[in-house]
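For reference, the chains in residue letters:
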Amino acid sequence: MSETNTTTASTLYDRLGRRDGIARIARELIKNHLANPLVKTRFAQIQDMDQTERNVTDFFCVGSGGPGSYAGKDMLNTHRGMNISEQEFVSVLDDAMAALETCGVEAPVRHEVLGVLWSMKAEVVRV
Ligand code: HEM
């Protein structure tokens, strides 16, 4: 087990491999979305993917207890009007779990992230 992925590290940010680990996870996540038939058309429309990838990285760094700041839109304003279904939501969470696994994040930490993502459902689905 690598140092950064143990459940004994102090914050979720540490457990995800800090900024470098999270940046890699964000890249994998977007790659998975673009290959996922259930959601790819949503993500294919993004104008500046580098900016979105940076925002997603910042969002997870700050949200997992790391340093820095998030300059993107809040979850409600980001997803408002997209009419995202529950099926799409679960599919995006599946993509996230797969990205974490690809990046070598252990199952207990993956499940910790799953809980955090699930808690945001009301700010994403049908808003
Ligand atoms: C807990 C689940 C989710 C989280 C934490 C999340 C997080 C984010 C974040 C941080 C951004 C970047 C915002 C910005 O650049 O200002 C974003 C953008 C986006 N999200 Fe989500 N998202 C989630 C679920 C979903 C789902 C289920 C869909 C659709 C299937 C979706 C579609 C999008 C799209 C299309 C964008 C780009 C918006 C734009 O560039 O205007 N997201 N999301």
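Computed from a predicted structure; not experimentally measured. (Residues numbered from 1 in each chain as written. Predicted model: local features only at pLDDT ≥ 70, side-chain atom pairs only at ≥ 80, totals over all residues. Heavy atoms only, no water.)

A.B. asks: Even after reading the chapter, I still don't get the site of the ligand, so can you show me in this structure?
C.D. replies: With respect to spatial proximity, 20 residues lie near the ligand, and among them Phe43, Asn55, Lys73, Thr78 and His79 are the closest. Looking at the shell around the ligand, the elements with two or more residues in it are helix H3 (40-44), helix H4 (49-63), helix H5 (75-79) and helix H6 (86-102). Looking at the shell around the ligand residue by residue, the class counts come to 13 nonpolar, 4 polar and 3 charged. (Near = heavy atom within 4 Å. Helix = DSSP H or I, 4+ residues; strand = E, 2+ residues; numbered from the N terminus. Nonpolar A, V, L, I, M, F, W, Y, C, P; charged D, E, K, R; others polar.)

A.B. asks: What is the right way to look at H6 in this model?
C.D. replies: One turn of the α-helix equals 3.6 residues, which is why residues spaced by three or four share an orientation. If you check H6, its first and last C-alpha atoms are 24 Å apart, about what 17 residues at 1.5 Å a residue would give, namely 24 Å. All of the buried residues along H6 are Glu88, Phe89, Ser91, Leu93, Asp95, Ala96, Met97, Ala99 and Leu100. In this structure, the buried residues of H6 make contact with helix H2 (18-35), H3 and helix H7 (107-118). Note on H6: the residue one or two positions beyond its end, Gly104, has a positive phi of about 80°. (Expected span 1.5 Å × (residues − 1). Buried < 20%, exposed > 50% of the residue type's maximum accessible area, 1.4 Å probe, protein only. Contact = heavy atoms within 4.5 Å.)

A.B. asks: Whenever I open this one, the packing of aromatic side chains confuses me. Can you help?
C.D. replies: Each aromatic ring pair is summarised here by two numbers: the centre-to-centre distance and the angle between the ring planes. This structure, assessed with the given rule, holds 3 aromatic pairs. For the ring pair Phe59 and Tyr70, a centre distance of 5.1 Å and an interplane angle of 70° mean the geometry is edge-to-face. Here Phe59 is found in helix H4, whereas its partner Tyr70 is found in the loop between H4 and H5, with 11 residues between them in sequence. Members of the aromatic cluster, each reached through a chain of ring pairs, are Phe59, Phe60 and Tyr70. (Phe/Tyr/Trp six-rings, centres within 6.5 Å; stacked < 30°, edge-to-face > 60°.)

A.B. asks: Is there a simple way to think about the pattern of salt bridges in this case?
C.D. replies: Once their charged atoms are close, side chains differing in charge can pair, the charge on each being opposite to the other. Tallied over the full model, the rule gives 7 salt bridges. The partner of Arg19 in a salt bridge is Asp58, and the shortest N-O contact between them spans 2.8 Å. Remark: Asp58 occurs in helix H4 and Arg19 occurs in helix H2; sequence separation between them is 39 residues. Classification of Arg19 as partly exposed rests on a relative accessible area of 36%. Ionic pairing is found between Lys31 and Glu28, a salt bridge with its closest N-O pair at 3.3 Å. (Salt bridge = Lys/Arg side-chain N within 4 Å of Asp/Glu carboxyl O.)

A.B. asks: Hey, could you run me through the environment of Cys103 in this one?
C.D. replies: Note on placement: Cys103 falls in the loop between H6 and H7. For Cys103, a relative accessible area of 14% puts it in the buried group. Separated by 11 residues in the primary sequence, Cys103 and Leu114 have C-alpha atoms spaced 15 Å apart. Residues within four places of Cys103 in sequence aside, it is in contact with Arg24, Ile25 and Glu28.

A.B. asks: Help me understand the packing of H2 against H6, please; the structure alone is not making it clear to me.
C.D. replies: Running from amino to carboxyl end, H2 crosses H6 at an angle of 135°, the nearest separation of the two axes being 8 Å. In terms of orientation, H2 lies oblique with respect to H6. In the crossing of H2 with H6, the sense of the turn from one axis to the other is right-handed. In contact with Arg24, Ile25, Glu28, Leu29, Asn32 and His33 of H2, H6 contributes Val92, Asp95, Ala96, Ala98, Ala99, Leu100 and Thr102. (Axes fitted to C-alpha atoms, helices over the stretch in contact; angles between N-to-C directions. Parallel < 35°, antiparallel > 145°, perpendicular 65-115°, else oblique. Left-handed = near helix turned anticlockwise from the far one by under 90°.)

A.B. asks: Would you take a moment to explain the side chain of Asn55 for this structure?
C.D. replies: Mapped onto the elements, Asn55 comes out in helix H4. Overall, the relative accessible area of 18% leaves Asn55 in the buried class. Not counting chain neighbours up to four residues away, the residues in contact with Asn55 comprise Tyr70 and Gly72.

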